[in-house]
Amino acid sequence: MSAAPPTTPLPPEGEWQAILDHTPEAARQRVWAGVQPHAPALADAFYEAMMAHHQAQSFLDHEVVQQRLRHSMQRWLLELFHHPHGDLPALVAMQRHVGEVHARIQLPIHLVARGARQLKRSLFAVLAQSTGDETLLRQAQVYVGQLMDLALELMSEAFMRNSQRGARNDEAYRLFSLGQNLSVERERQRSALLEWSQELLFSLHRGGERPAQVPSLGRSEFGLWFHHKGSAMFDGVPELELLREIVARIDDSLLPRLYAPQTDPLELNRHLLELQMELENLKFQLKTLFERQLEVENGRDTLTRLLNRRFLPSVIGREIKLANERHSRFGVLLLDIDHFKRINDERGHDAGDLVLQQAAMLILDSVRNGDFVFRYGGEEILVVLVEVDANGLARAAEQLRERFAASEFLLGQGRKLHVTVSIGAALFDGHPDYQYLITRADEALYRAKQAGRDQVCVAELGSS
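Given the structure is predicted, the values throughout are model-derived calculations rather than measurements. (Residues numbered from 1 in each chain as written. Predicted model: local features only at pLDDT ≥ 70, side-chain atom pairs only at ≥ 80, totals over all residues. Heavy atoms only, no water.)

Caption draft 1: Just the pairing of strand S4 (residues 380-385), in detail. The buried fraction of S4 amounts to six of the six residues, a majority that puts the element mostly inside the structure. Between strand S3 (residues 372-377) and S4, which pair antiparallel one after the other, the connecting turn spans two residues, and glycine 378 there sits at a positive phi close to 60 degrees. (Buried < 20%, exposed > 50% of the residue type's maximum accessible area, 1.4 Å probe, protein only. Helix = DSSP H or I, 4+ residues; strand = E, 2+ residues; numbered from the N terminus. Pairing = 2+ DSSP bridges.)

Caption draft 2: Spotlight on empty space enclosed by the protein. Here the structure, examined in full by the defined rule, presents two cavities of 30 Å³ or more. Approximately 40 Å³ is the volume found for the largest cavity. What lines the largest cavity is His228, Glu319, Leu322, Ala323, Arg326, Ser328, Arg329, Phe330 and Glu387. Take the lining of the largest cavity: its biggest share by element is four residues, from helix H11 (residues 312-326). Estimated volume of the second largest cavity: approximately 30 Å³. Lining the second largest cavity, in full, are Leu335, Asp336, Ile337, Ile363, Glu379, Ile381, Phe404 and Val421. The leading source of residues in the lining of the second largest cavity is strand S2 (residues 331-337), at three residues. (1 Å grid on protein atoms, 1.4 Å probe; cavity = no way out; pocket = protein on both sides within 12 Å on 5 of 7 lines; lining within 4 Å. Points joined across faces, edges and corners; volume = space filled by probe spheres on them.)

Caption draft 3: Here's a closer look at the side chain of arginine 401. One can find arginine 401 in helix H14 (residues 390-406). For arginine 401, a relative accessible area of 16% puts it in the buried group. Here aspartate 454 takes part through its side chain, which lies 2.9 Å from a polar atom of the side chain of arginine 401. In contact with arginine 401, not counting residues within four places along its chain, are Val421, Ile423, Asp454, Gln455 and Val456. (Polar contact = N/O pair within 3.5 Å; in protein donor to acceptor, adjacent residues only side chain to side chain. Contact = heavy atoms within 4.5 Å.)

Caption draft 4: Looking closely at the sheet that holds S2. Sheet architecture is open: six strands sit in the order S1-S3-S4-S2-S7-S8, paired in mixed fashion. Two strands lie at the open edges of the sheet, namely strand S1 (307-308) and strand S8 (456-458), each paired on one side alone. Relative to strand S7 (residues 421-427), S2 is paired through seven bridges, and the arrangement is antiparallel. Bridged to isoleucine 337 within S7 is valine 421.

Caption draft 5: The arrangement of the packing of aromatic side chains in detail. All chains considered together, the criterion is met by six aromatic pairs. Here phenylalanine 46 and tyrosine 47 contribute two aromatic rings whose centre-to-centre distance is 5.0 Å and whose plane-to-plane angle is 90 degrees, an arrangement assigned as edge-to-face. Residue phenylalanine 46 is classed as buried on the basis of its relative accessible area of 6%. A centroid spacing of 6.0 Å and a plane angle of 40 degrees characterise the contact between phenylalanine 222 and tryptophan 225, whose relative ring orientation is tilted. Of the two residues, phenylalanine 222 and tryptophan 225 both sit in helix H8 (residues 221-233), three residues apart, roughly one turn of that helix. Of the two residues, phenylalanine 222 and tryptophan 225, neither departs from the other in class, the shared state being buried. (Phe/Tyr/Trp six-rings, centres within 6.5 Å; stacked < 30°, edge-to-face > 60°.)

Caption draft 6: Fine view of the packing of helix H1 (residues 12-21) against helix H4 (residues 88-104). Orientation of H1 relative to H4, taken along the N-to-C sense of each, is 115 degrees, at an axis distance of 9 Å. Compared by their axis directions, H1 and H4 come out roughly perpendicular. In the packing of H1 onto H4, the handedness of the crossing is right-handed. On H4, the residues that touch Pro12, Glu13, Trp16, Gln17 and Leu20 of H1 are Leu88, Pro89, Leu91, Val92, Gln95 and Arg96. A class-by-class count of the residues in the contact of H1 with H4 yields seven nonpolar, two polar and two charged. (Axes fitted to C-alpha atoms, helices over the stretch in contact; angles between N-to-C directions. Parallel < 35°, antiparallel > 145°, perpendicular 65-115°, else oblique. Left-handed = near helix turned anticlockwise from the far one by under 90°. Nonpolar A, V, L, I, M, F, W, Y, C, P; charged D, E, K, R; others polar.)

Caption draft 7: Helix H15 (residues 434-450), seen in detail. Taking 1.5 Å per residue as the helical rise, H15 with its 17 residues ought to reach 24 Å, and the 25 Å between its terminal C-alpha atoms agrees with that figure. Capping the start of H15, aspartate 433 holds a side-chain oxygen 3.1 Å from the backbone nitrogen of glutamine 435, two or three residues further along. Trailing H15 by a residue or two, glycine 452 shows a phi angle of about 120 degrees, which is positive. (Expected span 1.5 Å × (residues − 1).)

Caption draft 8: Region of interest: the pairing of strand S6 (residues 415-418). The pairing of strand S5 (residues 408-412) with S6 spans four bridges and is classified as antiparallel. Across the sheet, the residue bridging to leucine 410 is lysine 416, located in S6. Hairpin connection of S5 to S6: two residues between the antiparallel strands, including glutamine 413 at a positive phi of 55 degrees.

Caption draft 9: Focus on the environment of valine 144. Turning to its location among the elements, valine 144 is positioned in helix H6 (residues 134-178). Residue valine 144 is classed as buried on the basis of its relative accessible area of 0%. Linking valine 144 and valine 31, residues 113 residues apart in sequence, is a C-alpha distance of 7.6 Å. Not counting chain neighbours up to four residues away, the residues in contact with valine 144 comprise Val31, Phe81, Leu123, Phe124 and Leu127.

This is the structure in structure tokens:
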């Protein structure tokens, strides 16, 4: 007896249609009638269950849930159970989009499943209260379960696909980071350490009852590089944790003692000797850290030598994690070279390339060691400014705009050109999806260009 031929699985739209076809219209109507008035309460039940898990605090906070995500969940419920149903390909695409967003913010699937489980229970309770017919109630509950299971399956599929892509990009970024000229980077960071220690000693020896305090080591040029770029470059290397411990001991223990009023010169000398030993240990661990790594070269934009935008999700995702852990802020600047097409058309593409290269160098020369600069596309450059508040972000954007306006760009053969930029700025406001932050900066850039170019426009918190 021959085996039955394998059945061809239905596409998601076909599965969705099959659920609709096998559910009596009265049951679908009953679910829709229950969801409409109770959507806010159902959304609350979903997020209350999710936020009750200790891991959820690392990805979401109550303010973001109340201001934005709660309303998004209500819309999702109303579209999922709408009767008559909407466009099935659009509904399938929406579930996949939700899964992609969850992957971007690295929200664990089990947290979503936890909220969905409570959502089912709450919706079943609503149906039980409003449906006297037991048969109709069972049909409505089966319909809810099947539709939510299919939606979660589509989300999970998109989540895994995008998570795998993100993991590949994270590893590529780490390998790219290792591909920098490590000997140059090592000397740059040793110089930054030396400069910080000399500034500290000068401040201590100036005398007076209250010597001027230098920034902590963690907030110095070296510290910004270490916490943001260095920790990404050397992720998983044993010396990394040793370096964190040394920096913490210097900032939390040694510096307060050094700046405390001193009555015994010998005590000050003992503190300085301890600082010297810690700094020597830090230099040794830093040297070991660099020497462990291989020198490879990949991942830069070939024209500007800026970071490739494929690493943008990894970098901003990491900054979101750091901002949430430290209760700090960071921001994004999106720069567009004004009338760049005219430069290419009137001066030639070689001139356009020279402008892009010099623009990249100007920006790199203007930002701090711990900031990130990306070739975002065409004539657009994106800057991630770490550990900056709203005033600092606006000030940095305006300073960049002024530097461009005051600079002359060399086009070869004695030709020069004045170039201006339009800049959109957006400060991280707690939203877990990095694309949301970039969209806010992009919309601010659009407003800057609409206002006449050579402008800075800062996105309002919570806009978009």
